[in-house]
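The lines below spell out each chain.
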Amino acid sequence: MEHARIRENQRVAPEQFQLLLESPRIAARAQPGTFVQVSCDEDGWLKRPMSLLDARGDRLDILYKVVGKGTQRLSTRPAGTHLSIMGPIGNPFAPDPEAPWIIAIGGGTGIPPLIFLLERLLASGTRNRLAFFGGSELPFPLETQPRATPFIGIPEHASLSLLRLDRAGIPAALASRGSIRGTYPGLVTELFECWWRAQPEPPAQGTQVFSCGPSAMMVSVQNLALEMHFGGALCLEEYMACAIGGCAGCTVPITGPGGIAMKRVC
Ligand SMILES: Cc1cc2nc3c(=O)[nH]c(=O)nc-3n(C[C@H](O)[C@H](O)[C@H](O)COP(=O)(O)OP(=O)(O)OC[C@H]3O[C@@H](n4cnc5c(N)ncnc54)[C@H](O)[C@@H]3O)c2cc1C
Ligand code: FES
């Protein structure tokens, strides 16, 4: 648990906010795929799980969408005040350094941890080829720009990329059914499939797909990954109470080699 100072809490798109926290102890241990439990109100009762967009130095970056009481309350917390956060919680992504491609597919509020993953991989000098596919029905909460980094196989009209990935040289493409210009007009999984089928040589065996977002999207990602014989991991965002393994409130059925087992998301 850390008493974190709010450095910024700014609206970056309709219903979406970027929260920058000074939280040196948690930032030092945070890894892509882990999350924090944030107290949204002054009393600490409204705790809500949030993934991380970045963690460096003493700073944690979070992107969140206002959907209900907790996130609404969080959006009113001014810079300079403090809130309690617990973390990092959960299992980090474990990309294989030998994977020919690491492909990240994110939807809505599932996008931040994937950006964190790709940027950390790049900073580590990875030999994996990286690619990002993002889908949103709301304006993207991260700055976009016409793609400069080549992305072979992406339809010409899907010309938009995320500024921070494009500048870093990570190929990225965006999809939206919400008529955002420069995005693929459909589901992010359709865009991914379209790219994959356009490859002169499909990504080799051992390629890994990491995904986070709405459940329906992740089911499609899982089915595509199975069809393409890719490995990887899905980052689940389930309702949570304690977030520390004490209440079983976040369990979901997971199919493994031994059949279906109930596992905790936290
Ligand atoms: C591990 C994890 C990481 C998350 N990371 C982020 C993040 O980086 N950014 C972000 O904006 N949100 C994230 N979420 C979702 C976020 O925690 C919920 O949106 C938040 O708890 C809603 O609280 P609330 O009080 O505002 O809304 P509530 O009043 O609790 O709920 C309002 C509506 O929001 C939706 N909702 C609530 N909780 C969830 C959930 N867990 N998953 C999907 N839909 C939900 C439901 O439709 C519900 O009807 C994450 C959730 C988990 C479990
Ligand atoms: S939220 Fe309590 S066990 Fe996961």
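Here goes a summary of the coordinates provided.

Analysis parameters
Residues numbered from 1 in each chain as written. Chains lettered and ligands numbered in written order. Predicted model: local features only at pLDDT ≥ 70, side-chain atom pairs only at ≥ 80, totals over all residues. Heavy atoms only, no water. Helix = DSSP H or I, 4+ residues; strand = E, 2+ residues; numbered from the N terminus. Rg over C-alpha atoms; globule rule 2.2 N^0.38 Å. Buried < 20%, exposed > 50% of the residue type's maximum accessible area, 1.4 Å probe, protein only. Contact = heavy atoms within 4.5 Å. Areas by Shrake-Rupley, 256 points an atom, 1.4 Å probe, with all protein chains shown as cover. Lys, Arg positive; Asp, Glu negative; His and termini not counted. Charge placed at Lys NZ, Arg CZ, Asp CG, Glu CD. Salt bridge = Lys/Arg side-chain N within 4 Å of Asp/Glu carboxyl O.

To continue, consider the overall build of the protein chain. Along the protein chain, the regular secondary structure elements total 6 helices and 16 strands. A compact globule built from 266 residues should have a C-alpha radius of gyration of about 18 Å, and the protein chain, at 18 Å, falls within 12% of that. Seen through its principal axes, the protein chain has C-alpha atoms that stretch 55 × 45 × 35 Å. Burial analysis of the protein chain (266 residues in total) assigns 49% to the buried set. Taking contacts inside the protein chain between residues at least 6 apart in sequence as the whole, the part at least 24 apart equals 62%. Surface exposure of the protein chain reaches about 12,800 Å², of which carbon and sulfur atoms provide 52%. Across the protein chain, the 24 positively charged side chains and the 23 negatively charged ones have centroids separated by 4 Å.

The tally for this structure, following the rule as stated, stands at 12 salt bridges. Note that arginine 56 is salt-bridged to aspartate 54, the shortest N-O span being 2.8 Å. Owing to a relative accessible area of 52%, arginine 56 belongs among the exposed residues under this scheme. Using a relative accessible area of 7% as the deciding quantity, one classes aspartate 54 as buried.

Right, let's talk about unusual backbone geometry for a bit. The amide bond that connects glycine 87 to the next residue, proline 88, takes the cis arrangement and shows omega of -5 degrees. Structurally, proline 88 can be placed in strand E7 (residues 82-89). Here the phi dihedral of glutamate 15 falls at roughly 65 degrees; this positive angle occurs in a residue that is not glycine. Along the polypeptide, glutamate 15 turns up in the loop between strand E1 (2-13) and strand E2 (16-22). With relative accessibility at 41%, the residue glutamate 15 sits in the partly exposed group. For alanine 248, which is not glycine, the phi dihedral falls at a positive 60 degrees. Along the chain, alanine 248 falls in the loop between strand E14 (231-235) and strand E15 (251-256).

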